Amino acid sequence: TVTSMGRDFAVNVDAGRNDLTIGYPFNVTCSLKAQNLPARFFQVVWLLNNSEIARVDPHGVSIFINAEYGIREGLGELNIARKSKENYVLKIHHVGLSDEGIYHCEVSEMERTDAGFTAVQSKRSQDVFLNIKFLDSNLKVSLSSSSSQVTEGESLTFRCDASETSTTLSMSWYLIRGQEQREMIASIEQDGSLRLGSTYQQRHYYGNIVVEKMSSRTFTLGIYNSLVTDGGRYVCQATEWALETGGSWRKMNDQFEEMSVRVVPLSLGLKVALMSRTPVVQSGSHFDLMCLVSANYSLDGVPMSIIWQFLPSGIAGDYYQTLVKISHDGTIEWSKKYPYFQTRTMVTKSKLRIHRATKKEMARYRCDVEILRRDMENKWMTGATATSSSLMIEVKPQGKLIFRQNKRA
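Here goes a summary of the coordinates provided. This one's a predicted model, so the numbers in the text were calculated from it and none came from an experiment.

## Notes on the pairing of strand β16 (residues 183-188)
Part 1 of the reasoning: Burial within β16 is extensive, with six of its six residues counted as buried.
Part 2 of the reasoning: Turn length for the strand β15 (residues 168-176)-β16 hairpin, with the two strands adjacent in sequence and antiparallel, is six residues, and the turn residue Gly178 shows positive phi of about 55°.

## A short note on a nonpolar patch on the surface
Part 1 of the reasoning: Taken together, the side chains of Val61, Ile63 and Ile65 present a nonpolar region at the surface, about 220 Å² in accessible area.
Part 2 of the reasoning: Relative to the helices and strands, Val61 is located in the loop between β5 (51-56) and β6 (62-64).

## Comments concerning the sheet that holds strand β1 (residues 9-14)
Part 1 of the reasoning: In space, the four strands of this open sheet follow the order β1-β3-β8-β7, with antiparallel pairing throughout. Each edge of the open sheet is held by one strand with a lone partner, namely β1 and β7 (78-82). Between one strand axis and the next, the sheet turns by 10° as a mean value, whatever way the strands run.
Part 2 of the reasoning: The sheet contact formed by β1 and strand β3 (residues 26-34) spans six bridges and is antiparallel. Within β3, the residue paired with Val11 across the bridge is Leu32.

## Let's talk about the packing of aromatic side chains
Within a pair of aromatic rings, the relevant descriptors are the distance that separates the centres and the angle that separates the planes.
Part 1 of the reasoning: Summed over all chains, the structure comprises 13 aromatic pairs.
Part 2 of the reasoning: One aromatic cluster in this structure is built from Phe287, Phe310, Tyr338, Tyr340, Phe341 and Tyr365.
Part 3 of the reasoning: Above the face of the Tyr320 ring, Arg366 is positioned so that its terminal group lies 4.1 Å from the ring centre.

## Observations concerning the nonpolar core
Part 1 of the reasoning: Counting 36 residues, the largest nonpolar core has Phe287, Leu289, Trp308, Leu352, Tyr365, Val369 and Ile371 as the members making the most contacts within it.
Part 2 of the reasoning: Those elements giving two or more residues to this core turn out to be β22 (271-275), β24 (287-294), β25 (304-312), β26 (321-326), β29 (351-354), β30 (363-374), β31 (380-387) and β32 (391-396).
Part 3 of the reasoning: With five residues, β30 is the single largest residue contributor to this core.
Part 4 of the reasoning: Leu20, Val28, Ile53 and Val128 belong to the second largest nonpolar core, which has 34 residues in total.

## Comments concerning the sheet that holds strand β14 (residues 156-162)
Consider a sheet: its strands pair through backbone hydrogen bonds, and that pairing is either parallel or antiparallel.
Part 1 of the reasoning: Across the sheet, four strands lie side by side as β12-β14-β19-β18; this open sheet has antiparallel pairing. With one partner strand each, in any of the chains shown, β12 (141-145) and β18 (209-213) form the two edges of the open sheet. Ignoring strand direction, the axes of neighbouring strands in this sheet form an average angle of 15°.
Part 2 of the reasoning: Sheet topology places β12 next to β14; five bridges connect them, and they run antiparallel. Bridge pairing in β14 places Ser144 opposite Arg159.

## Quick look at the pairing of β15
Part 1 of the reasoning: Of all nine residues making up β15, eight are buried, and the element is well covered by its neighbours.
Part 2 of the reasoning: Of the pairings in the sheet, the one linking β15 to strand β20 (residues 232-243) comprises nine bridges and is antiparallel in character. Within β20, the residue paired with Leu169 across the bridge is Glu240.
Part 3 of the reasoning: As defined by bridge partners, β15 adjoins β16 across five bridges and the pair is classed as antiparallel. Bridging from a neighbouring strand, Ser172 pairs with Ser187 of β16.

## Topic: the layout of surface pockets
Part 1 of the reasoning: Each pocket or cavity is described by its volume, and for the largest pocket that value is around 520 Å³.
Part 2 of the reasoning: Lining the largest pocket are 20 residues, with Leu48, Asn49, Ser98, Gln181 and Arg182 sitting closest to its centre.
Part 3 of the reasoning: Residue assignment for the lining of the largest pocket shows that the elements contributing at least two residues are β5, α1 (67-74), β20 and β21 (249-264).
Part 4 of the reasoning: Ranked by residues supplied to the lining of the largest pocket, first place goes to β20 with three residues.
Part 5 of the reasoning: When grouped by side-chain class, the residues that make up the lining of the largest pocket number seven nonpolar, seven polar and six charged.
Part 6 of the reasoning: Its volume calculated, the second largest pocket comes out at about 240 Å³.
Part 7 of the reasoning: If you go around the second largest pocket, you meet 13 residues; those closest to its centre are Leu75, Glu77, Glu189, Gln190 and Trp241.
Part 8 of the reasoning: For the lining of the second largest pocket, the secondary structure elements donating two or more residues are β17 (194-196) and β21.
Part 9 of the reasoning: Residue composition of the lining of the second largest pocket, grouped by class: four nonpolar, four polar and five charged.

Thresholds applied
Residues numbered from 1 in each chain as written. Predicted model: local features only at pLDDT ≥ 70, side-chain atom pairs only at ≥ 80, totals over all residues. Heavy atoms only, no water. Buried < 20%, exposed > 50% of the residue type's maximum accessible area, 1.4 Å probe, protein only. Helix = DSSP H or I, 4+ residues; strand = E, 2+ residues; numbered from the N terminus. Pairing = 2+ DSSP bridges. Patch = residues over 30% accessible without salt bridge, like charges linked within 9 Å, V, L, I, M, F, W, Y side chains within 5 Å. Areas by Shrake-Rupley, 256 points an atom, 1.4 Å probe, with all protein chains shown as cover. Salt bridge = Lys/Arg side-chain N within 4 Å of Asp/Glu carboxyl O. Axes fitted to C-alpha atoms, helices over the stretch in contact; angles between N-to-C directions. Phe/Tyr/Trp six-rings, centres within 6.5 Å; stacked < 30°, edge-to-face > 60°. Lys NZ or Arg CZ within 6 Å of the ring centre and 35° of its normal. Core = buried A, V, L, I, M, F, W, Y, C linked by side-chain atoms within 4.5 Å. 1 Å grid on protein atoms, 1.4 Å probe; cavity = no way out; pocket = protein on both sides within 12 Å on 5 of 7 lines; lining within 4 Å. Points joined across faces, edges and corners; volume = space filled by probe spheres on them. Nonpolar A, V, L, I, M, F, W, Y, C, P; charged D, E, K, R; others polar.

In structure tokens:
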């Protein structure tokens, strides 16, 4: 460490042994040298592979930025503390595979302002590499899933099998999205208790996240009413534990397996086209409108509602009126504002036929589609919508259409 000069300061990191066997303790101590330390404020941040784990703020309060480490802190597996104005320590009581990597500290001198604290200068420590060694073990893990691709709202199930072992196992499930840090979904601990990641607790309460231990070495994860954000790389991690004298558990080994799953958004490629073979009809005749829905995924069995709308001829603006709505369960709801349509209209989800057309039906038509999915409480919600382009239907008086057709001939 270099002795500080004036307002400058120096940062050092010490981790002791950096080649450890799974289950052993590991401390990362960040120390700083500066003049007039008691009168100055500093913030210390620990990073693993350049991602922030935790920090001690200028008041000395410990804050875990990484949710997984926050959960581990709550379980007593690790902690951070300001030992003095000079020394700050990250303690991991039992290292695992996820703790391997490059650690460093970043220290910022903070200045008090009316709005709080602001950094005035920062320093970075040197790197410390932690290498994790395995104990002799035959533990192996295999992961399988119901599908590698599902549509938003569908279910996902995973099964994780561990090889035969004489030790007690815990099983943790994680999700990695892109380049983000892995996020813990849930874990069944060695004592059989269930631990949930903070963002999955409510979904578990409503039955959308189900974690089960099927046997001493088989574990399952069920995700129901899937979200687009459920796509990514899934990890199941088995950990061997030994029960020591005094009743404490010691971590012996970790093994994990991962696989990728894609959740296709309901909005992906969703399109609606409106067509008619008779855009110009005689008064008293009928005309058909076809509403064609397509998407970049199969629509077979996908619940949807169709809303038929129209804009009467001569009305300016974009004030389309609802004519009829066909819900996903087949319920038909007619507009009370235009009751005369119901007596002369045949409607399905994909087709609208109006009999005995009059000037009242001369209008611009369009159809809206709502793709539905279940929400967290298993109630129906709109997952995606799309609207067709408008199509003008002209209704000509008797005889005029024939005259125009004969004239073309």
